[in-house]
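What follows is each chain in one-letter form.
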Amino acid sequence: MNQHALSVQDLVKTFDLGFLGAVPFLGPGITRRFQLKGIAQRVEAVRGITFSVEPGEVFGFLGPNGAGKTTTIKVLMGLIHPTSGQGTLLGAPLGDAQARARLGFLPEHPYFYEYLKPLEFLDFYARLFNLTHRERKRRAEALLDRLGLTYAKDRPLRKFSKGMIQRIGVAQALINDPALVVLDEPMSGLDPMGRKDVRDLIFELKEQGKTVFFSSHILADVEALCDRVAIMARGRIRSIGGLHELLTDAQSPVEIVTRGVEGAPREALAALAAQAREASGQQTFILESDAILESFLDQLRAVEGARLISVIPRRRSLEDLFVEEAAKADAADIQAHEGAPA
Amino acid sequence: MSQIFAIALNTFREATRNRVFASLILFAVAMLLLTLAVSSASLHEEVRLMKDIGLFLISTFSVLISIFIGVNLVYKEIERKTIFTIIPKPIFRFQFLLGKYFGLASTMLIQLIFMSTVLALIFWGLDANFGEEMVQALLLIYIEVLIVIAIALFFSSFSTPFLSGLLTIGAFIIGRFVDRILVIRLASKDEMTPALENVKTFVKTIAHIVPDLSIFNTTPYVVYEDPIDWSYVLNGVGYGVTYVIILLFLASLMFTRRDFI
Ligand SMILES: Nc1ncnc2c1ncn2[C@@H]1O[C@H](COP(=O)(O)OP(=O)(O)OP(=O)(O)O)[C@@H](O)[C@H]1O
Ligand SMILES: [Mg+2]
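Quick notes on the rules
- Residues numbered from 1 in each chain as written.
- Chains lettered and ligands numbered in written order.
- Predicted model: local features only at pLDDT ≥ 70, side-chain atom pairs only at ≥ 80, totals over all residues.
- Heavy atoms only, no water.
- Donors = N, O, S within 2.8 Å, 3.2 Å for Na, K, Ca; no water.
- Helix = DSSP H or I, 4+ residues; strand = E, 2+ residues; numbered from the N terminus.
- Buried < 20%, exposed > 50% of the residue type's maximum accessible area, 1.4 Å probe, protein only.
- Pairing = 2+ DSSP bridges.
- Axes fitted to C-alpha atoms, helices over the stretch in contact; angles between N-to-C directions.
- Contact = heavy atoms within 4.5 Å.
- Buried area = accessible area lost by both parts, 1.4 Å probe.
- Salt bridge = Lys/Arg side-chain N within 4 Å of Asp/Glu carboxyl O.
- Polar contact = N/O pair within 3.5 Å; in protein donor to acceptor, adjacent residues only side chain to side chain.
- Nonpolar A, V, L, I, M, F, W, Y, C, P; charged D, E, K, R; others polar.
- Phe/Tyr/Trp six-rings, centres within 6.5 Å; stacked < 30°, edge-to-face > 60°.

Trainee: Looking at this model, I keep getting lost on the coordination of the magnesium ion (ligand 2). Mind explaining?
Mentor: The textbook angles at a metal center are 109.5 degrees for a tetrahedron of four donors and 90 or 180 degrees for an octahedron of six. All names here are of chain A. All of the protein donors around the magnesium ion (ligand 2) are Thr70 (OG1) and Glu108 (OE); their distances to the metal are 1.9 to 2.2 Å. With Thr70 in helix α2 (residues 69-76) and Glu108 in the loop between β6 (103-106) and α4 (118-127), the pair connects residues that are 38 residues apart, well separated along the chain. Given a relative accessible area of 18%, Thr70 falls into the buried group.

Trainee: Sorry, what's going on with the sheet that holds strand β10 (residues 236-242) of chain A here?
Mentor: Pairing between the strands of a sheet comes from backbone hydrogen bonds, and it takes one of two forms, parallel or antiparallel. All names here are of chain A. Strand order in this open sheet of six strands is β6-β7-β8-β3-β9-β10, and the pairing throughout is mixed. Edge positions in the sheet fall to β6 and β10, since each of these pairs with one other strand and no more. Each strand axis lies, on average, 15 degrees off the axis of its neighbour in the sheet, ignoring direction. Judged from the four bridges that link them, strand β3 (residues 58-62) and strand β8 (residues 211-215) form a sheet pairing that is parallel. Of the residues in β8, the one forming a bridge with Gly60 is Phe214. The strands touched by helix α6 (residues 162-174) within the sheet are β6 and β7 (180-184), with β6 carrying the most contacts at an inclination of about 165 degrees.

Trainee: How should I be thinking about the interface of chain A and chain B in this particular structure?
Mentor: By a frequent convention, interface size equals the accessible area lost on bringing the separate parts together. On the side of chain B, 32 residues touch chain A, which itself brings 30 residues to the contact. Buried area between chain A and chain B, both sides added, is near 3200 Å², and the carbon and sulfur share of it is 60%. Put simply, chain A and chain B have two salt bridges between them. A salt bridge links B:Asp259 to A:Lys13; the nearest nitrogen and oxygen atoms lie 2.6 Å apart. Across the contact surface, chain A and chain B share 19 residue pairs in polar contact (both at pLDDT 80 or more). Among the elements that line the side of chain A that touches chain B, the one with the most residues is α4(A), at four residues. Across the side of chain A that touches chain B, the residue classes tally to 21 nonpolar, four polar and five charged.

Trainee: Mind showing me how you'd approach the packing of aromatic side chains here?
Mentor: Residue and element names in this part refer to chain A. Within the structure shown, the criterion is met by 22 aromatic pairs over all chains. With a centroid separation of 5.0 Å and 65 degrees between ring planes, the pair formed by Phe124 and Tyr125 is classed as edge-to-face. Since its relative accessible area comes to 0%, Tyr125 is described here as buried. Here a set of aromatic residues connected by ring pairs shows up, and it is made of Phe112, Tyr113, Tyr115, Phe121, Phe124 and Tyr125.

This is how it looks when you write it as C-alpha cells:
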C-alpha cells in the first residue's frame, strides 16, 4: 500500500470578510456578486497548494506569520471547508470518521475547559473514542505522567500555566494512540525544558513509527527533528524537500579569511567574491558558490605576502532559507500586484 | 452514542460548576421563598395564589436560564476554540450539537426538580395540597423549557449569542401569546389597506411557525385544583418533542456547513 499519511491537492481557501462572510448558505456565487460591488472583501489565505506527508515521517511546516499554515491545518482537521481542492488523511478523504479515530491534533494557542481537572479532561476526550472505562483511566494516567503533570492532577485547568495547558493539550492529542499527529506550533509558550520535552516526545513518536506533522517558528527544533520540511509564504508552498537537500544545494557559499592581501590584488579578489570586508588586518571574502573556490585560491597564492587563514564552507541555515523564501514570496506578490491590470 | 454522552456530560459539568448558574438558582429560590412568605402573610385564598405565583416564578426562571445558557452553549465552544479539539475527533457535528442539547436539558431537569422540591416542601410545611395537577403543570413547564433550549440552540447555530438571545425571547413571547395573536383584528374590513393586509399575513405566518407555548400553561386549572387529563399532558409532550426534533434537525443543517475560524 502506497498511501500518504496526509495530502492536499490544489487546496484554496478564501475568507470572506465582513458580515456577509458569517452568513451560511450564501454560496460563492452570491458572495462574489457582492464583492464586485465592493461590499464584501476576501482574503486569499491559501492559494492552491499541493503536497503530501509520508507515513513515518516527521514533517515540518514552516512559514512567516500569516503564511496560511493554520488555515491549511484547519482544512485538514475539518474545521473549515476548502474553497476548492481536496485533501486526504491516512488515505481517506477529509472528514472520514475512521481516519479521524487514528488522528491526534493540537491546535494553535489552545484553550481548554477550565472547570475540568486533568484526569476528567483526558477522560472526556477518551470517551469521544469509545474507549472502555479502564482503558480511559489507564491512558489518562500514563499521559499525565509522560507529560510531567501528575503533580497537578488535583487542580482544575483554570489554575494551569500556559506551558501546562500546552502540555495537557499534547496529552489530549495522544489519548487515542494516533497514527498521525498534527501539531500547530507545539513549542509556543514553552520554556526551554518544555521545548526539550516536546522534542523528545516527537522523537519518541517517530520511533514508534508514527507520522508527525507540525508547524513551527522555532527553526532549531525543526532542524533537529524533521525529515522533510515545507516552507509556505503568502498562501503558497515556496520550497519543499528533505532538510539536507534544501540546505546543501548547488549554491553553497564559502567564507575565506586571509592576511596580508592589500591594494590591487585585494580589489581583484574582491571582484570574484560576493562580499569582501577587512577588519583588524584580516580580509574576509565570501564566495557565492564553491564552484569558483579553486580559481580564487589559485589567484590568492599568486599574491605576494598573502597568508590563508581559513576556508569555511558556509552551510545555509534553515533560517537563511526561510528568510530568502519569505522575501521572494513578498517580491513575487508585489510584482503580481503591479503587473495586474487596474 | 458514547460521543453524545461525553459532550452532554461535559456540558452538564460546565453549567453546574459555573458560579453564575449557582447564584441564579439561589436567587430564584430566594424569590420563591420571599414571594410566598409575603403572599401567605397578607392575603386569603393564599394556596391558590401561592400555586399561581410558584408556577409563574419557576417557569419564568427556567426559561430565562435556558435562554441565557442556551444561546451561549455553542458560541462559547467556538469563541474559546475548545471546539477545535472536538471536531477532528471521530464525532459528527450533529452529535456534538445533540450532546450540547442533552447536556443543558439534563441540567435544566435537575434545576427544575430542585425548585419544585423547594415549592413542595413549602406546601408541605403549610399543610397545603400539592397534588397531581401541580406535577402535571411542572412536567409541561419542562417540555416548554425543552422547546426553548432547542430554539436557542437553533438560532445560535448560525448567529451571535446576542442576536440569538433576542430572537429566542421574541419567539418565546410570540409563542406564549400565539392563541391571542391569531385572533387579533387589525382593522375592520373596509379600513383594510394592502399594506395592513401584508402585515397581517406576516404576523399570522410567524405565529403559525412559532410553537404554541400557551398549551404548556395550565395554571388556570391548577389554581382550581382541577387535574387535567393525562392525555392532554401526553399530547403536549408529543407536540413539544416534535418541535424539538425539527429544530435540532435544522440546527444541525446550519451547523454542518459552518467554518470554525
Ligand atoms: N477567519 C479569518 N478571516 C479572515 N482572514 C483570515 C482568517 N483566518 C486567517 N486569515 C488570514 O489568512 C492568512 C493566513 O493566516 P494563518 O492563520 O493561516 O497563518 P499562519 O501561517 O498560521 O500564521 P502564524 O504563523 O502567525 O500562526 C492571514 O493573512 C490571515 O489574516
Ligand atoms: Mg498559525
